[in-house]
Amino acid sequence: MKKHLFINGEWRETESYSSLRSPYSGEVIAEVAVATEKETQEAIESAYQARNEMAKLPAHRRAQILETLSRLLEERAEEAAQLIALEAAKPITTAKAEVSRTIETYKFAAAEAKRIHGETIPLDAARGGEGRVGYTIREPIGVIGAITPFNFPMNLVAHKVGPAIAAGNTLVLKPASQTPLSSFFIAELLQQSGLPKGALNVITGSGRVVGDQIVVDDRVNMITFTGSPAVGIGIRNKAGLKRVTLELGSNAAVIVDKGVNIDRIISCCVTGAFSNQGQVCISLQRVYAHREVYEEFVEKFIAATNQLKLGNPLDPETDVSALISPGEVDRTLQWIEEAKQGSAIVATGGKAEGNILYPTVILNADPSLKVSCQEVFAPIVLVNKVETVEEAMDLVNDSRYGLQAGIYTDNVHVALDAAEKLHVGGVMINDIPTFRVDHMPYGGVKESGFGREGLKYAVEEMTEMKLVVWNRN
Ligand code: NAP
């Protein structure tokens, strides 16, 4: 399977292609175009030329394109899930769930396209403002450069493509090198959905080369990036006056208060920690359990973890499959080793078979260890005992990151305190930090980024507010 670039509504052959391998089996699954500088320039120019046509497209047409896309994806959902499983080693049941969410994300985007509006301003509230009528309108920002990660190759692309089209913008999309197939698939469906030529361009190649060109180009008005903090910070530093939204990583935590029914939360916590091999930006990485429930939590959590089935992502029975690359296996084994040296206890897992890292539970981990204070982005979770929930809240906040946090408690006062004190973008009461549905405002504080996704909020980021004042005097 040879995958070409998608520029100005056409599939474009290029000089060089690189082999895309399955992270699980190592087999070549496609030959993917490597864009040259010239082709990247063409993709940007094509988005730039299409911007006026897109901006003029009425809301009902933009909504219709997104509704059609959503319907076409529903018809080909099985095929889409297979692609995700192949290129990302995402277990097929989780890949299917991602496709269902993507269908919904585009439906939300279609709905948002119809409710983009401004507000009236009571100008006469100011002395000298009498006799004037003021209102705001929201206009498309123009050309958006979208750079996406490997871990949700279809739905995180939808979180950029959906609101960008809803708001009447054009895009140059640079998907992660390991997972371009999902983006090409969406481009094909959008081509069939009646999207004007040039409104979406998909360009593949190394992030450092292709991504960099998009970030510094003056024709691009906004960069929307989801990925690692290191790359995100670099992008922000280079983007100049462009609008930038950054959805970055975290070391998400949950607090388990005394009195909580442990049986009711175990399965959710296990899913939150190990789904997609822990390669989720809000994956549960740290558990702080009150000393009264700690022993019970640890015992039941380990027992449930040991039930997980490891294997081929295409097998519907598989819970945990390969990490995205062999390098990631080496890195995570080193981090586990460091934890052992630092007197933490590896209660289960801690080893790898091929590219599969066993679901790993670490107890008694010091906050200075990498598994505590950095983003593990792997099936590793640590469980620590705390004396009080206040201590746990301090530990949750003692992080460079702040995407989402969760707390299980039966005490309404503790819950209200947590909602106030936890320094994150979203607090989940009686849930794992991993909870997300696609229309809720989603984003972080500190090194987890800034700006919000979730269709309504992304549309706000992707539009420019303009004020109109009529003088009737
Ligand atoms: P990554 O290495 O930062 O890559 C993300 C994207 O940036 C890829 O398309 C990559 O291209 C590109 N890129 C790399 N270097 C670049 C540069 N110098 N300039 C411009 N673009 C560049 O992240 P990843 O490993 O794919 O994804 C994992 C990270 O994403 C984790 O930190 C995770 O927490 C975060 N994430 C955050 C959210 C959220 O919503 N907050 C959601 C999902 C994931 P190449 O693939 O070609 O290198």
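Residues numbered from 1 in each chain as written. Predicted model: local features only at pLDDT ≥ 70, side-chain atom pairs only at ≥ 80, totals over all residues. Heavy atoms only, no water.

Draft legend 1. Region of interest: the domain arrangement of the chain. Domain assignment breaks the chain into domain 1 (2-248 + 448-471) and domain 2 (253-437). Relative to domain 2, the C-alpha centre of domain 1 lies at a distance of 31 Å. Taken together, the contacts link 26 residues of domain 1 with 28 residues of domain 2. Of all the elements in the fold, those that place two or more residues in the side of domain 1 that touches domain 2 are helix 3 (77-88), helix 4 (92-113) and helix 5 (155-166). Its residues assigned to classes, the side of domain 1 that touches domain 2 comprises 13 nonpolar, 8 polar and 5 charged. (Domains from an automatic or database assignment. Contact = heavy atoms within 4.5 Å. Helix = DSSP H or I, 4+ residues; strand = E, 2+ residues; numbered from the N terminus. Nonpolar A, V, L, I, M, F, W, Y, C, P; charged D, E, K, R; others polar.)

Draft legend 2. Up close: helix 10 (residues 291-305). Taking 1.5 Å per residue, 15 residues should reach 21 Å; helix 10 reaches 21 Å between its end C-alpha atoms and fits that length. Most pronounced at Phe297, the bend in helix 10 amounts to some 25°. Turning to helix 10, its buried residues number three or more, namely Val293, Tyr294, Phe297, Val298, Phe301, Ile302 and Thr305. Contacts made by the buried residues of helix 10 are with strand 13 (253-256), helix 9 (262-274), strand 14 (286-290), strand 15 (345-348), strand 18 (360-363) and strand 19 (380-386). (Expected span 1.5 Å × (residues − 1). Bend = angle between axes of the 7 residues up to and from the residue. Buried < 20%, exposed > 50% of the residue type's maximum accessible area, 1.4 Å probe, protein only.)

Draft legend 3. Expanded view of a negative patch on the surface. Together, Glu390, Glu391, Asp394 and Asp398 line one region of the surface with negative charge. Tracing the chain through its elements places Asp394 in helix 13 (residues 389-397). In this structure Asp394 comes out as exposed when scored by relative accessible area, which is 54%. (Patch = residues over 30% accessible without salt bridge, like charges linked within 9 Å, V, L, I, M, F, W, Y side chains within 5 Å. Areas by Shrake-Rupley, 256 points an atom, 1.4 Å probe, with all protein chains shown as cover. Salt bridge = Lys/Arg side-chain N within 4 Å of Asp/Glu carboxyl O. Lys, Arg positive; Asp, Glu negative; His and termini not counted. Charge placed at Lys NZ, Arg CZ, Asp CG, Glu CD.)

Draft legend 4. Spatial organisation of the packing of helix 1 (residues 37-56) against helix 7 (residues 207-216). Interhelical geometry of helix 1 versus helix 7 gives an angle of 40° and a closest axis separation of 10 Å. Overall, the two elements helix 1 and helix 7 adopt an arrangement that is oblique. The way helix 1 lies across helix 7 gives a crossing that is right-handed. Residue-level contacts link Glu37, Thr40, Gln41 and Ile44 of helix 1 to Val210, Gln213 and Ile214 of helix 7. Across the contact of helix 1 with helix 7, the residue classes tally to 3 nonpolar, 3 polar and 1 charged. (Axes fitted to C-alpha atoms, helices over the stretch in contact; angles between N-to-C directions. Parallel < 35°, antiparallel > 145°, perpendicular 65-115°, else oblique. Left-handed = near helix turned anticlockwise from the far one by under 90°.)

Draft legend 5. A look at the site of the ligand. In the vicinity of the ligand, 31 residues are found, and the nearest of them are Thr148, Ser177, Ser228, Leu248 and Glu375. Between the ligand and the protein, one listed contact pairs an oxygen atom with a backbone N or O atom of Phe150 at 3.3 Å. With respect to the ligand, the side chain of Ser177 contributes an N or O atom lying 2.5 Å from an oxygen atom. Against a free-state accessible area of 900 Å², the protein chains account for coverage of 86% of the ligand. Secondary structure elements with two or more residues in the shell around the ligand: helix 7, strand 11 (222-226) and helix 8 (229-238). Considering each element in turn, the shell around the ligand owes the most residues, 4 residues, to helix 7. Grouping the constituent residues of the shell around the ligand by class yields 15 nonpolar, 11 polar and 5 charged. Residue contributions to the shell around the ligand reach at least three from each of two domains, namely domain 1 (2-248 + 448-471) and domain 2 (253-437). (Near = heavy atom within 4 Å. Polar contact = N/O pair within 3.5 Å; in protein donor to acceptor, adjacent residues only side chain to side chain.)

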